[in-house]
Amino acid sequence: MFGYRQVCIEALGYALPEEVVTSEQLEGELAPVYERFGLHVGRLELMTGIRKRRFWAPGTMPSDAATRAGRAALENANLSPGDIDALVFTAVSRDCLEPATASVVHHQLGLPRRAAFFDISNACLGFLNGIVTVANMIELGQIRRGLVVAGESSRPLVRTTIRHLLESPNLTRAELKQAFASLTIGSGAAGAVVCHESVSKSRHRLLGGVSRAASEHNELCRGSGDSGFSADAAMTMRTDAELLLEGGCELAAETWKEFKAHLEWDEFDIGRTYCHQVGSVHRDRLYAALGLDGARDFSTFEFLGNVGSVSLPLTLAMGVERDPPATGTNVALLGIGSGLCCVMLGVRW
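## Observations concerning helix α7 (residues 155-167)
Stage number 1. Counted at 1.5 Å a residue, the expected span for α7 with its 13 residues is 18 Å, and the 18 Å between its end C-alpha atoms agrees.
Stage number 2. Within α7, the full set of buried residues consists of R155, P156, L157, V158, T160, T161, I162 and L165.
Stage number 3. The elements touched by buried residues of α7 are β3 (19-22), α1 (23-29), α2 (31-37), β4 (52-55), α8 (173-179) and β11 (235-239).

So, in structure tokens, the structure goes:
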């Protein structure tokens, strides 16, 4: 558990790729596989609710995407790069293993030499972990303002998945099922300026939150990449979607109970919720497990897919941009990532 007395989420920013790829397009490429297993076009959207997702232009690195979102967050906060004391990059996608992708973003944004930088990687939960880390640094008096960024690139994973499915001579239905989740992944970038309340103008207070783990489920989603570290390097992922959903909802329900008790909230105290976006079935099951009205949710999976660590902050940024919460609204951020780990944060808008 963690609580904060002097931390604000000052501003958000995001960036979206221009290339739109529909589920129907991907299924068209997989026509030979669909025919072999007697599947029909439309299955992907029917099972997930995802109509389309986006790809960055070839050659775009995760750092490039994160830089765009970080710059947008700084502009929305009316800050200059020199105002930032620390930068955290939190995406699954990275430019390379060494140095930290944060170093590239730091340079591209023109942050000062005194501003620390580092990467945090924790599947789809990385961005919330980044916010917590920066908030802790602010609460300890180490910094006044920090910038959390993430840029996810799905093109390598989707392209590699399709190639594998088409080229595998002995493909089984079980293997196809494990690869299916990879076709839902989209690209995007998000950024957040987190600051001490004394320098905040927005006054969106980060109150605190709860983290819970169920690491016995660490094998349910496994991803890997090659050592090429180019913008289009090959990546693979296998997912047991059914067990991941079951374990995730169980962990979320446990975390939700502790979260409400910690912040002394009940369902009626919460005006807005923003969750990690996976698909329609996951969203519906999650809200049912938490006993929440799904109408409170702002969803992006239909047109962005699952954007990994960017999913929740991007959804939050778009949601408050299109329909800003009233001042004083209690906002719950519901994050979960494979592993399994769950973080829920409370913000008073």
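## A closer look at the pairing of strand β12 (residues 272-275)
Stage number 1. Going residue by residue along β12, you find R272 and Y274 tucked away on one face and T273 and C275 tucked away on the opposite face as well.
Stage number 2. With four bridges connecting them, β12 and strand β13 (residues 330-337) associate as parallel partners. Residue pairing across strands places R272 opposite V331, the latter belonging to β13.

## Description of the pattern of salt bridges
Oppositely charged side chains are able to pair whenever their charged atoms sit close together.
Stage number 1. This model, assessed by the stated rule, comprises nine salt bridges.
Stage number 2. Notably, a salt bridge pairs R212 with E258, separated by 3.7 Å at the nearest N-O pair. Placement of the pair is R212 in strand β9 (residues 205-213) and E258 in helix α9 (residues 241-263), with a sequence separation of 46 residues.
Stage number 3. On the basis of relative accessibility, which here comes to 28%, the residue E258 falls in the partly exposed class.
Stage number 4. For K260, the salt bridge goes to E267, with nearest N and O atoms at 2.7 Å.

Rules and cut-offs
Residues numbered from 1 in each chain as written. Predicted model: local features only at pLDDT ≥ 70, side-chain atom pairs only at ≥ 80, totals over all residues. Heavy atoms only, no water. Helix = DSSP H or I, 4+ residues; strand = E, 2+ residues; numbered from the N terminus. Expected span 1.5 Å × (residues − 1). Buried < 20%, exposed > 50% of the residue type's maximum accessible area, 1.4 Å probe, protein only. Contact = heavy atoms within 4.5 Å. Pairing = 2+ DSSP bridges. Salt bridge = Lys/Arg side-chain N within 4 Å of Asp/Glu carboxyl O.

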